[in-house]
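# Reading the structure
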Amino acid sequence: MIVKMNKITLLGIEEQREQLINSLMEFGAVEISNVSNQDYAMIASHPEVREDLSHIDNKLLDVQASLDVLGRFCPEKKPLFSSKRTVDIAEVKQIIDDNENIFSDVYKLKEYERELIELKAEENRVYNLYRSFLPWKGLIIPIDFSGTKRTGFTAGTIPAAFGLALIESELPDKAPLSQIFRVNSDKDQHYIYIIYHREAEQETMSYMKSRGFNRTTFNSISGTVDDNLKQIEINLKQINKKREEIIDRIKDMRSSRAAIEVLYDVLSMEKNRIEAAEKVLKTNKAFLIKGWLPQKLSDSAKKYLESNYTVSVEIEDPQEDEAFPVLLENKGLAEAGEPVLRMYSLPDSREIDPNVVMTPFFVMFFGLMLSDGGYGIILSVLSAIILWRFKLQDNTRKFMKLMFFCGLSTMFWGLMFGGWFGISALVPYAVWFDMVSNPELMLSWSLLFGVIHMYVGLALKAANLIRRGKYIDALFDAGFWYVFFTGAVLTLLPYAPAVNQETAAQLSNVGKYVLAAGAVLLILTQGRGKKGIIKKFFGGLSSLYDVIGFLSDILSYSRLLALGLATSIIAGIVNQMSVMFDMPVVLKVIVAAAILLIGHVINFGINVLGAYVHSCRLQYLEFFGKFFTGGGEAFSPLKANTKYIQLKYDAGI
């Protein structure tokens, strides 16, 4: 259900503002609203907090960066479903008092990261230099040698497309006072050097450039190539050694992780407090806070605040049409469906929470689409173990609870259809019928389940209208559609598979009259919002087109049959594949076990995902489309929204 909210207004003295906001944060159940200063611009204003927020954001970035460094070089092993560790408020206060030492570790880790980045850049530079030298390996002439008084020396490359043999044959004629030497070649180019007489330098270079020659320079590096390669290898080893030393120092700081995580959450709480303070209206002497809190906590909050602070607390109910923040509070099966609803939208604060009605249908449809009782056992057992073994966060706990119920539903439908790991010998023991052998019958039931599901959606629409006092609208926009849709269903009943044609024909005759009566009622009422008789008539007439959408929605429920068949048939095929190989008994047992394990795991995973997705689709499109308004704003109270820790303290309210 949607928790009823009250508006709260606090008027207190300025010197107690920060302390009172801290108490509200510990209470964790008051959402502070932004108070407009339009009516009080001459005497009041919002606190200026931009500088403080910027300061906190910078600190958070530094702390998160240090945690990222620890995460990369000394990752913490966590269970599959990890939960926040509980930290006593006394330990948090100790961390706050010791924050200078913790920040020292933070900045030290950031400095290590900076050094690693610089080492990486230096390594890239040295390695690129190494790669540039490598093709010249074997060149015994120093790379900074440019020649003698009478001879010149130039190293460079020519494209492999130019044949080196051709250049060597042409060189005596084109540049007779020069000689070319090859050092190395690859698929792209030849690495060469040229020795030439100084007087022939111009004609030699002119000819070589015509053959694609490109001079190579080594930027003030001296010595031979081999000597430089050896030195680069030494430099790379030194860089790697420095990196390992820094990484070891980072690993030695792994014990600081817990304190840094607490510091991060402390800073996050401080940021939340500052953002809340920005919404407050204040003068030099007083402050004004407005917000929302659950109705059931209103009296205790008022009593505590007025007894501990010099403050006036006013509690009032929201106005009849006033929207308020949405907080869902359900138990059992309805609570398990909340993650499904939240993926779509929170309900409007004035409509009925659909979880109580939606979740049973979701669980039912999930079980129908998975349909194998053996898979249901696995799903329920895994979910139960996770719920029992791990301390899950709220949304994760609700989701695993939903999977547990979906597993139970799958077991029920597996019992009804005789589906147990696709074992054909168990099918005759089906309590109801075999889905694979009677797909037409299953299709009829799937469509019937769809009609029931959508009728319930129309009922919720009527309930929401009645809740708002719109009784006539509930009759016209839900009741008359019931008449029309029922007539359409009965009229088309003979065309449904696996139905008794004689009975269906009788119901079809009745359905035509019901359909006609419903059509007349809709024509007379659905255009009532328009002006003029003609517009009202055509508005009502055009509404009859919705029957196409209704019938289309009904056909969507055929996926209950399709996915149920897919699970059963694939499971049966896996079982057949496991015994179809002719081989020695021992090897056959091993191969069969491997095929069964892998095949059923894949089938289980794919069809659990498919059942979940398509069950969601049936709720979001076919069901919610009949009544759901949505768009509710989540209740967001001022509290310790932490990332790493769970605070343990008593607010006293």
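Source: prediction; values computed, not measured. (Residues numbered from 1 in each chain as written. Predicted model: local features only at pLDDT ≥ 70, side-chain atom pairs only at ≥ 80, totals over all residues. Heavy atoms only, no water.)

### Considerations on the state of the cysteines
If you walk through the whole model with that rule in mind, you get zero disulfides. Cys406 forms no disulfide, and the closest cysteine sulfur to it belongs to Cys616, at a distance of 9.2 Å. (Disulfide = S-S within 2.5 Å.)

### Observations concerning the domain arrangement of the protein chain
In terms of domains, the protein chain is made up of domain 1 (5-96 + 266-316), domain 2 (145-217) and domain 3 (352-627). Each of domain 1 and domain 2 has a C-alpha centre, and these two points are 76 Å apart. (Domains from an automatic or database assignment.)

### A word on the pattern of salt bridges
Counted according to the given criterion, the structure contains 23 salt bridges. Note that Lys7 and Glu322 form a salt bridge whose closest N and O atoms lie 3.2 Å from each other. With Lys7 in strand β1 (residues 5-13) and Glu322 in the loop between β10 (311-316) and α10 (332-336), this residue pair connects regions lying 315 residues apart in the sequence. For Lys7, a relative accessible area of 16% corresponds to the buried category. One salt bridge in this structure joins Glu170 and Arg211, with 2.9 Å as the shortest N-O distance. You can see Glu170 sitting in helix α5 (residues 164-174) and its partner Arg211 sitting in the loop between α6 (201-210) and β7 (214-215), a full 41 residues away along the chain. Taken together, the shared-partner salt bridges connect Glu335, Glu338, Asp394, Arg397, Lys398 and Lys401 into one network. (Salt bridge = Lys/Arg side-chain N within 4 Å of Asp/Glu carboxyl O. Helix = DSSP H or I, 4+ residues; strand = E, 2+ residues; numbered from the N terminus. Buried < 20%, exposed > 50% of the residue type's maximum accessible area, 1.4 Å probe, protein only.)

### Section: the sheet that holds strand β6 (residues 189-197)
One open sheet holds the four strands; their spatial order is β5-β6-β4-β7, and the pairing between them is antiparallel. The open sheet terminates on both sides in strands that have one partner only, identified here as β5 (178-185) and β7. Looking at chain direction, strand β4 (residues 151-159) and β7 are connected through two bridges and run antiparallel. When the sheet's bridge partners are listed, Gly156 is paired in β7 with Arg215. The sheet contacts of α5 involve β4, β5 and β6, and relative to β5 the element is tilted by about 170°. (Pairing = 2+ DSSP bridges. Contact = heavy atoms within 4.5 Å. Axes fitted to C-alpha atoms, helices over the stretch in contact; angles between N-to-C directions.)

### A few points about the environment of Lys398
Take Lys398: it is sitting in helix α14 (residues 394-417). Exposure remark for Lys398: the relative accessible area of 6% places this residue in the buried category. Measuring from C-alpha to C-alpha, the distance between Lys398 and Arg198 comes to 86 Å, with 200 residues separating the pair along the chain. Sequence-distant contacts of Lys398, defined by excluding residues within four places in its chain, comprise Glu335, Ala336, Glu338 and Pro339.

### A word on α6
Listing the buried residues of α6 in full gives Thr204, Met205, Tyr207 and Met208. Buried residues along α6 cover an arc of 165° about the axis, so they all sit on one side. Opposite the buried face of α6, by more than 90 degrees, sit the exposed residues Gln202 and Lys209. Where α6 is buried, its residues touch β4, α5, β5, β6 and β7. Looking one or two residues beyond α6, the residue adopting positive phi is Gly212, at roughly 85°. (Arc of directions from axis to C-beta.)

### Comments concerning a positive patch on the surface
Taken together, the side chains of Lys4, Arg467, Arg468 and Lys470 present a region of like positive charge at the surface. Relative to the assigned elements, Arg467 resides in helix α15 (residues 439-467). Accessibility expressed as a relative area gives 52% for Arg467, which makes it exposed. (Patch = residues over 30% accessible without salt bridge, like charges linked within 9 Å, V, L, I, M, F, W, Y side chains within 5 Å. Areas by Shrake-Rupley, 256 points an atom, 1.4 Å probe, with all protein chains shown as cover. Lys, Arg positive; Asp, Glu negative; His and termini not counted. Charge placed at Lys NZ, Arg CZ, Asp CG, Glu CD.)

### Details of unusual backbone geometry
Phi is mostly negative for residues that are not glycine, and the peptide bonds are mostly trans. In this structure, Ser371 is a non-glycine residue whose phi angle is positive, near 65°. Position of Ser371 relative to the elements: it lies in the loop between α12 (355-370) and α13 (373-389). Residue Ser371 is classed as buried on the basis of its relative accessible area of 2%. Of note, the phi angle at Phe421 is positive, near 55°, even though the residue is not glycine. Position of Phe421 relative to the elements: it lies in the loop between α14 and α15.

### Some thoughts on the nonpolar core
Counting 76 residues, the largest nonpolar core has Leu10, Leu20, Val63 and Leu305 as the members making the most contacts within it. Residues in contact with Leu10, not counting those within four places in the same chain, are Leu20, Leu24, Phe287, Leu288, Ile289, Leu305, Val311, Ser312 and Val313. Residues Leu368, Met403, Ala488 and Ala519 belong to the second largest nonpolar core, which totals 68 residues. (Core = buried A, V, L, I, M, F, W, Y, C linked by side-chain atoms within 4.5 Å.)

### A short note on the pairing of strand β11 (residues 645-648)
Only one face of β11 is buried: it carries Ile645 and Leu647, and the other face, with Gln646 and Lys648, is open. In this sheet, β11 lies alongside strand β3 (residues 85-88) in parallel orientation, the contact comprising four bridges. Counted as the bridge partner of Val87 is Leu647 from β11.

### Topic: the confidence of the model for the protein chain
For the protein chain, per-residue confidence averages 88 on the pLDDT scale, and residues scoring 70 or more make up 98% of the total. Taken element by element, the predicted model of the protein chain shows its lowest mean pLDDT in β11 (76) and its highest in α12 (95). (pLDDT = per-residue confidence, 0-100.)

### Some thoughts on the packing of helix α16 (residues 471-492) against helix α19 (residues 546-556)
Put simply, α16 and α19 touch, their axes get as near as 11 Å, and they point 60° apart. Compared by their axis directions, α16 and α19 come out oblique. Here α16 runs over α19; the crossing is right-handed. Contacts between α16 and α19 involve Trp481, Phe484, Phe485, Ala488, Val489 and Leu492 from the first element and Asp546, Val547, Phe550, Leu551 and Ile554 from the second. Classifying every residue of the contact of α16 with α19 by side-chain character gives 10 nonpolar, no polar and one charged. (Parallel < 35°, antiparallel > 145°, perpendicular 65-115°, else oblique. Left-handed = near helix turned anticlockwise from the far one by under 90°. Nonpolar A, V, L, I, M, F, W, Y, C, P; charged D, E, K, R; others polar.)

### Notes on the packing of aromatic side chains
The way to describe two aromatic rings as a pair is by their centre distance and the angle between their planes. Evaluated as defined, the whole model comprises 41 aromatic pairs. Judged by centre distance (5.7 Å) and plane angle (75°), the rings of Phe399 and Tyr612 are edge-to-face. Residue Phe399 is found in helix α14, and its partner Tyr612 is found in helix α21 (residues 585-623); the two are separated by 213 residues along the sequence. You can call Phe399 partly exposed: its relative accessible area is 29%. (Phe/Tyr/Trp six-rings, centres within 6.5 Å; stacked < 30°, edge-to-face > 60°.)

### As for the side chain of Ser615
Its location among the elements puts Ser615 in helix α21. Judged by relative accessible area, which is 0%, Ser615 ranks as buried. Of the polar contacts made by the side chain of Ser615, one reaches the backbone oxygen of Ala611; its length is 2.7 Å. Each residue touching Ser615, except ones within four places of it in the same chain, is listed here: Phe362, Phe365, Phe366 and Met369. (Polar contact = N/O pair within 3.5 Å; in protein donor to acceptor, adjacent residues only side chain to side chain.)

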